[in-house]
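Listed below, chain by chain, are the residues.
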Amino acid sequence: MHKFTFSAVGVAMAIAAVAAAAGNTAPPRVDQREANQQARIDAGVASGQLTARETNRLDKEQAHIAKVEAKDKADGTVTKAERAQLHRMQNRASRDIYVQKHDAQVAKP
């Protein structure tokens, strides 16, 4: 479990680095929502609600969203369509976090 905490922290740091390097071209809500979702994943790991496999999958999903956001920000602006795509991706990620935290699987102590 210690190994997975480090991977979660690593993903959070990568998201922060991408956001800092790309500037403030996206609305703050997008970045805040990513941070909130990462915190929910971290809380699931700490409470044992998420297994290592679930955590890894959710972290990869968050990293993919950050990568798409960085690509969208690369030209200096995030269009309305790009923002809508990011929101859809975040909605799906949020639903995935909820489902994985509330299923019957739990991490081994």
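Residues numbered from 1 in each chain as written. Predicted model: local features only at pLDDT ≥ 70, side-chain atom pairs only at ≥ 80, totals over all residues. Heavy atoms only, no water.

## A closer look at the overall build of the protein
Secondary structure assignment for the protein yields four helices and zero strands. Across the 109 residues of the protein, 34% fall into the buried class. When contacts within the protein are restricted to residue pairs at least 6 apart in sequence, those whose partners lie at least 24 apart make up 79%. Of the roughly 6,700 Å² of accessible surface on the protein, 61% is carried by carbon and sulfur atoms. (Helix = DSSP H or I, 4+ residues; strand = E, 2+ residues; numbered from the N terminus. Buried < 20%, exposed > 50% of the residue type's maximum accessible area, 1.4 Å probe, protein only. Contact = heavy atoms within 4.5 Å. Areas by Shrake-Rupley, 256 points an atom, 1.4 Å probe, with all protein chains shown as cover.)

## Some words on the pattern of salt bridges
Summed over all chains, the structure comprises three salt bridges. For aspartate 96, the salt bridge is made with arginine 57, and the minimal N-O distance between the two is 3.5 Å. Linking aspartate 96 in helix α4 (residues 80-101) with arginine 57 in helix α3 (residues 52-73), this pair joins segments that are 39 residues apart in sequence. Judged by relative accessible area, aspartate 96 falls into the buried class, the value being 13%. Under the relative-accessibility criterion, arginine 57 is labelled partly exposed at 42%. A salt bridge links lysine 73 to glutamate 69, with the nearest nitrogen and oxygen atoms 3.1 Å apart. Of this pair, lysine 73 and glutamate 69 both sit in helix α3, four residues apart, which is roughly one turn of that helix. According to the relative accessible area criterion, glutamate 69 is buried, its value standing at 4%. Each of the salt bridges in this network shares a partner with another, and the network as a whole consists of Asp31, Glu69 and Lys73. (Salt bridge = Lys/Arg side-chain N within 4 Å of Asp/Glu carboxyl O.)

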